[in-house]
Amino acid sequence: MTRAPIILQLLLVTLCTLSVSVFSSSTSSATDEFLGCLAVDIPPALLHTPVSPSYTPILLSSVRNLRFVLPGTPQPLAIVAPTEPAHVQAAVRCGRRHGVRVRVRSGGHDYEGLSYASVDRRERFAVLDLAALRDVRVDAARAEAWAGSGATLGELYYAVGVASRTLAFPAGVCSTVGVGGHLSGGGFGTLMRRDGLAADNVLDAVLVDADGRLLNRTTMGEDLFWAIRGGGGESFGVVLSWKLRLVRVPETVTVFKVQRQRNQSASDLITKWQSIAPALPRDLSIRVVVQNEHSQFEALFLGRCSRLLSLMRARFPDLGVTRPDCEEISWIQSTVYFAFYSSSKQLELLLDRGSKPDRYFKAKSDYVQEPIPVHVWERTWSWLEKPEAGLLILDPYGGRMDSISPSATPFPHRKGNLYNLQYYSFWFDDGTAEMEKRLSWVNGLYKEMEPYVSKHPRTGYVNYRDLDLGTNELAGNVTSYVKARVWGEKYFKGNFKRLAAVKARVDPDDFFRNEQSIPPLPAAKEWSFIQNPTY
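Residues numbered from 1 in each chain as written. Predicted model: local features only at pLDDT ≥ 70, side-chain atom pairs only at ≥ 80, totals over all residues. Heavy atoms only, no water.

A.B. asks: Describe the confidence of the model for the protein chain, naming the residues involved and giving the relevant values.
C.D. replies: Looking at the protein chain, pLDDT values average 93 and 93% of them are 70 or higher. Between residues 1-24, whose pLDDT stays under 50, and residues either more than four places distant or in other chains, the model counts two contacts. (pLDDT = per-residue confidence, 0-100. Contact = heavy atoms within 4.5 Å.)

Here it is, written out as structure tokens:
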């Protein structure tokens, strides 16, 4: 080899090394500038960086899925724990100025961890942890409440229960879910069939937009207010608090849990439940949890046991509900009953934010529009008998859900859906082999059920986020609308285009984005859509 090529190779290596060094230095400098910007308006105690002793504890404080804290998972440059709106405004403005995205966490229940982690290793992002913004103020006389996005459903329920025995809020059964994320995706629970979704009962909201402005319903406008009530979190801004309509409930409600084994006609009961549950009176909701060799029917009835038994004898006699199965309790006690499977536990359990992550999980969801045949349920037991099996959760629709327009909010799964079907796989042991077995189970059963669920598209619930449905790609420096449609229409159907039009107006530079955030509708399409809206 001659001397000249050797010198050339050395020169190229030197240039590459200098390039990497300059890039690293540039990135480090940009990060320092971002952190310096934050420090101007945010007290040091509220700003946590990887060198801070507080960084890991606060990162883990609202992690619900250990899959997203495994070694190698991209982590935030900083975690900001705001205690007032000005801190959020500062984080957004500094992020835009220095090219750092902001991800927002209220309760940490994002199924794919997108509120505190990133799939893209190149992404420079910070996390706004809203846990301190969890004040709940109840006005019992007006049947209204203001709740901070960082409050959990348990904290909201507790405040409502303390204020009144005859007021409630229609939301989910898991008490540690954050109010902000739950409302942003729609939010369904045991009162849904009478009172609709949690998002259907939002009256106002306070939001920080991509320009760092503090807006309410009047100043944000009805299009943006529509989008934040079911369009998924972290696309349009940071919602700090929500004004909620509370609903009336009787002082005494009735709950039951009835378990039936596979050899006790469980398949027949589930098959019948599919047609019966969505057609029941609105004040009765019966969900089903299927696991191992049994199915468990779990009910909330807004009335006394005697009326419930009469109703069950007339509408679902085969389930065989008897008086000893029933418990008469208050609505607030029913939230403990469904969250902790006991009505005798203290109400203060609702205030436990559950800050110690203890499991790995993966979930998927479907909407069922025609009853699944009994032979399919019989075949499903073979999946549930596997050592790596998870569980199925069937939540009935119908009632009030049938009378709300699919375009009333971004959540489109209204009339025509019998129930939501969730596939939930969870495990406690670390290791790739264990994870692959569990993922194989949930993916295999999901594939097996494809012929029996919604089609064109096969739909899912955005709060059961599933990156297998598709992830975003960039077109230039904004999210591709065409690529995002692949997953977006599965969550939002015809509402996806309207969401993208709202995004184009309020965040055209796509500052608020993640792997499944709403993209801006391209300018030409936006103009056409404004002229000829489909809603």
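Once the structure has been displayed, the description carries forward.
A.B. asks: With reference to specific residues and values, describe helix α15 (residues 495-506).
C.D. replies: With 12 residues, α15 extends 17 Å from end C-alpha to end C-alpha; this agrees with the ideal 16 Å at 1.5 Å per step. Across the 12 residues of α15, nine count as buried, placing the element largely inside the fold. (Helix = DSSP H or I, 4+ residues; strand = E, 2+ residues; numbered from the N terminus. Expected span 1.5 Å × (residues − 1). Buried < 20%, exposed > 50% of the residue type's maximum accessible area, 1.4 Å probe, protein only.)

A.B. asks: Can you break down the packing of helix α12 (residues 374-384) against helix α13 (residues 432-448) residue by residue, with the values?
C.D. replies: Between α12 and α13, the least distance of the axes is 11 Å, while the angle of their chain directions is 170°. Taken together, the axes of α12 and α13 lie roughly antiparallel to each other. Contacts between α12 and α13 involve R379, T380, W383 and L384 from the first element and W441, G444, L445 and E448 from the second. The residue makeup of the contact of α12 with α13, split by class, is four nonpolar, two polar and two charged. (Axes fitted to C-alpha atoms, helices over the stretch in contact; angles between N-to-C directions. Parallel < 35°, antiparallel > 145°, perpendicular 65-115°, else oblique. Nonpolar A, V, L, I, M, F, W, Y, C, P; charged D, E, K, R; others polar.)

A.B. asks: So what about the pattern of salt bridges? Which residues, and what values?
C.D. replies: By the definition in use, this model includes 40 salt bridges. Across the pair R213 and D209 runs a salt bridge whose closest N-O atoms are separated by 2.7 Å. Take R213: its relative accessible area is 46%, and that puts it in the partly exposed class. Using a relative accessible area of 3% as the deciding quantity, one classes D209 as buried. (Salt bridge = Lys/Arg side-chain N within 4 Å of Asp/Glu carboxyl O.)

A.B. asks: How would you summarise the side chain of H182 if you had to cite specific residues and measurements?
C.D. replies: Mapped onto the elements, H182 comes out in helix α5 (residues 179-185). On the basis of relative accessible area, H182 is assigned to the buried category, the value being 8%. Leave out the neighbours within four places in its chain, and H182 touches L153, A171, G172, V177, G187, F188, A198 and N463.

A.B. asks: Lay out the domain arrangement of the protein chain with the relevant residues and their values.
C.D. replies: Structurally, the protein chain comprises domain 1 (32-129), domain 2 (136-248) and domain 3 (253-329 + 359-449). Here domain 1 and domain 2 have C-alpha centroids that lie 23 Å from each other. Taken together, the 16 residues of domain 1 in the interface contact 18 residues of domain 2. Both sides together, the interface formed by domain 1 and domain 2 hides about 1200 Å², and carbon and sulfur atoms give 60% of it. For the pair domain 1 and domain 2, the interface holds seven residue pairs in polar contact (both at pLDDT 80 or more). (Domains from an automatic or database assignment. Buried area = accessible area lost by both parts, 1.4 Å probe. Polar contact = N/O pair within 3.5 Å; in protein donor to acceptor, adjacent residues only side chain to side chain.)

A.B. asks: Describe unusual backbone geometry, listing the residues and the values that go with them.
C.D. replies: Between H456 and the following residue, P457, the backbone shows a cis peptide bond with an omega angle of 0°. Tracing the sequence through the fold places P457 in the loop between α13 and β19 (474-475). Phi angles above zero are rare outside glycine, and A143 is one such case at about 55°. Relative to the elements of secondary structure, A143 occurs in the loop between β5 (136-139) and β6 (144-148). For A143, a relative accessible area of 11% corresponds to the buried category.

A.B. asks: Mind laying out the packing of aromatic side chains, listing which residues take part and the relevant values?
C.D. replies: All told, the structure shown has 22 aromatic pairs when counted by the stated rule. Aromatic side chains Y111 and F361 sit 5.1 Å apart centroid to centroid with 75° between the ring planes, which places their arrangement in the edge-to-face category. Linking Y111 in the loop between β3 (101-105) and β4 (125-129) with F361 in strand β16 (residues 360-368), this pair joins segments that are 250 residues apart in sequence. Each of the two residues, Y111 as well as F361, counts as buried. Here the aromatic rings of W487 and F496 are separated by 5.8 Å at their centres, their planes lie at 70°, and the arrangement is edge-to-face. For the pair W487 and F496, a shared accessibility class is recorded, and that class is buried. Feature note: the residues Y111, F188, F361, Y367, Y397, F411, Y424, F426, F428, Y461 and Y464 constitute an aromatic cluster, connected by ring pairs. Looking at R103, its charged tip hangs above the ring of F125, at a distance of 5.2 Å from the centre. Taking NZ or CZ as reference, R498 lies 3.8 Å from the ring centre of W226, over its face. (Phe/Tyr/Trp six-rings, centres within 6.5 Å; stacked < 30°, edge-to-face > 60°. Lys NZ or Arg CZ within 6 Å of the ring centre and 35° of its normal.)

A.B. asks: Which residues make up the sheet that holds strand β2 (residues 79-80), and what values do they have?
C.D. replies: If you trace the four strands from one edge of the open sheet to the other, you get β1-β2-β4-β3, paired in mixed fashion. Looking at strand neighbours, the two that pair on one side only are β1 (47-48) and β3, the edges of this open sheet. Inspection of the sheet shows β3 paired to β4 by five bridges, in the parallel sense. When the sheet's bridge partners are listed, R103 is paired in β4 with V127. (Pairing = 2+ DSSP bridges.)

A.B. asks: Kindly report on the state of the cysteines, identifying the contributing residues and their values.
C.D. replies: Scanning the entire structure with this criterion turns up one disulfide. The disulfide that involves C37 links it to C94, with 2.1 Å between the sulfurs. Of note, the bridge from C37 to C94 carries an S-S torsion of about -80° and is left-handed in sense. With C37 in helix α1 (residues 3-41) and C94 in helix α3 (residues 85-98), this pair connects stretches of sequence that are 57 residues apart. (Disulfide = S-S within 2.5 Å.)

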